[in-house]
Amino acid sequence: QVQLVESGGGLVQAGGSLRLSCTAPGSIFSSNVMGWYRQVPGMQRELVAFITQRSITNYVDSVKGRFTISRDNAKNTVYLQMSSLKPEDTAVYYCNVWPLRRPEYWGQGTQVTVSP
């Protein structure tokens with residue numbers, strides 16, 4: 001029952017920008033707070049940002065002022081606009097619901113690599 005699809009990752013130099021996209025079924029998207037998560041090998045998967053159905057947002061301290069989460073209800077899509085990227089942002093990025101993640105929703109993720 002994996003239904004969420006992430007895209008938009010890539011290789012960029014420090015200071016560059018990327019926009020990630022996550023598409024979910026409407027039944028999930030319309031009924032849940034959506035979150036972006038990321039994971040580095042050997043580390044726990046961490047929440048990066050979330051957005052509610054009414055577009056209330058929150059961010060982990062390390063990305064405040066650099067990342068912006070948004071949603072397009074007509075497209076059932078949540079975005080993560082990333083700017084001023086740092087090598088420390090290198091990770092696989094995933095989307096899921098917040099705060100109680102559903103194991104079956106995890107997709108393959110999208111790789112973001114930031115070079116010095």
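Scroll up a little and you will see the structure.
Owing to the predicted nature of the structure, the values given are computational and were not obtained by experimental measurement.

What follows deals with the overall build of the chain. Check the secondary structure of the chain and you find one helix and 10 strands. Each helix and strand of the chain, placed in order from N terminus to C terminus, yields the pattern β-β-β-α-β-β-β-β-β-β-β. For 116 residues, the compact-globule formula gives about 13 Å, and the C-alpha radius of gyration of the chain, at 13 Å, lands near that figure. Judged by the C-alpha coordinates and their principal axes, the chain covers about 40 × 25 × 20 Å. Looking at the 116 residues of the chain, the share that counts as buried comes to 41%. The contacts in the chain between residues at least 6 apart in sequence include a share of 54% that link residues at least 24 apart. Of the roughly 6,200 Å² of accessible surface on the chain, 49% is carried by carbon and sulfur atoms.

Once that is clear, we can look at the sheet that holds strand β1 (residues 5–7). Read from one edge to the other, the open sheet built from four strands follows the order β1-β3-β8-β7, with strand pairing classed as antiparallel. One side of each edge strand has no neighbouring strand; the edge strands of this open sheet are β1 and β7 (67–72). Adjacent strand axes in the sheet meet at a mean angle of 15° when their direction is disregarded.

Here we take up the state of the cysteines. Scanning all chains against the criterion turns up one disulfide. The residue that forms a disulfide with C22 is C95, at a sulfur-sulfur distance of 1.8 Å. Judged by the sign of its S-S torsion, about 65°, the bond between C22 and C95 is right-handed. Here the residue C22 occupies a position in strand β3 (residues 18–23), and C95 occupies one in strand β9 (residues 91–98), the gap between them amounting to 73 residues. Each member of the pair, C22 together with C95, is buried.

This next bit is on the side chain of N96. Take N96: it is sitting in strand β9. Looking at N96, its side chain comes within polar contact range of the main-chain oxygen of R102, at 3.1 Å. When near neighbours in sequence (up to four residues on either side) are disregarded, N96 contacts L4, V33, M34, G35, Y37, R101, R102, Y105 and W106.

Next up on the list: the pairing of strand β5 (residues 46–51). Sheet topology note: the strand β4 (residues 33–39)/β5 ladder contains five bridges and is antiparallel. Residue pairing across strands places Y37 opposite L47, the latter belonging to β5. Between the end of β4 and the start of β5, which pair antiparallel, lie six residues, with G42 showing a positive phi angle near 85°. By the bridge criterion, three bridges tie β5 to strand β6 (residues 57–59) in an arrangement that is antiparallel. Looking at the pairing, A49 lines up with Y59 of β6. The hairpin turn running from β5 into β6, its antiparallel successor, is five residues long, and S55 in that turn takes a positive phi close to 65°.

Moving on: the pattern of salt bridges. Taken as a whole and assessed by the stated rule, the structure comprises four salt bridges. In this structure, R38 engages D89 in a salt bridge whose closest nitrogen and oxygen atoms are separated by 3.1 Å. On the criterion of sequence distance, the pair formed by R38 in strand β4 and D89 in the loop between β8 (77–82) and β9 is long-range, its members being 51 residues apart. With a relative accessible area of 7%, R38 lands in the buried category. Across the salt bridge formed by D89 and R66, the nearest N and O atoms sit 2.8 Å from each other. In this pair, D89 sits in the loop between β8 and β9 while R66 sits in the loop between β6 and β7, placing the two residues 23 residues apart along the sequence. Here the two residues D89 and R66 agree in accessibility, since each one is buried. Each of R38, E46, R66 and D89 takes part in a single network of salt bridges with overlapping partners.

Cut-offs and rules
- Residues numbered from 1 in each chain as written.
- Predicted model: local features only at pLDDT ≥ 70, side-chain atom pairs only at ≥ 80, totals over all residues.
- Heavy atoms only, no water.
- Helix = DSSP H or I, 4+ residues; strand = E, 2+ residues; numbered from the N terminus.
- Rg over C-alpha atoms; globule rule 2.2 N^0.38 Å.
- Buried < 20%, exposed > 50% of the residue type's maximum accessible area, 1.4 Å probe, protein only.
- Contact = heavy atoms within 4.5 Å.
- Areas by Shrake-Rupley, 256 points an atom, 1.4 Å probe, with all protein chains shown as cover.
- Pairing = 2+ DSSP bridges.
- Axes fitted to C-alpha atoms, helices over the stretch in contact; angles between N-to-C directions.
- Disulfide = S-S within 2.5 Å.
- Polar contact = N/O pair within 3.5 Å; in protein donor to acceptor, adjacent residues only side chain to side chain.
- Salt bridge = Lys/Arg side-chain N within 4 Å of Asp/Glu carboxyl O.

Keep in mind these values describe shape, not function.
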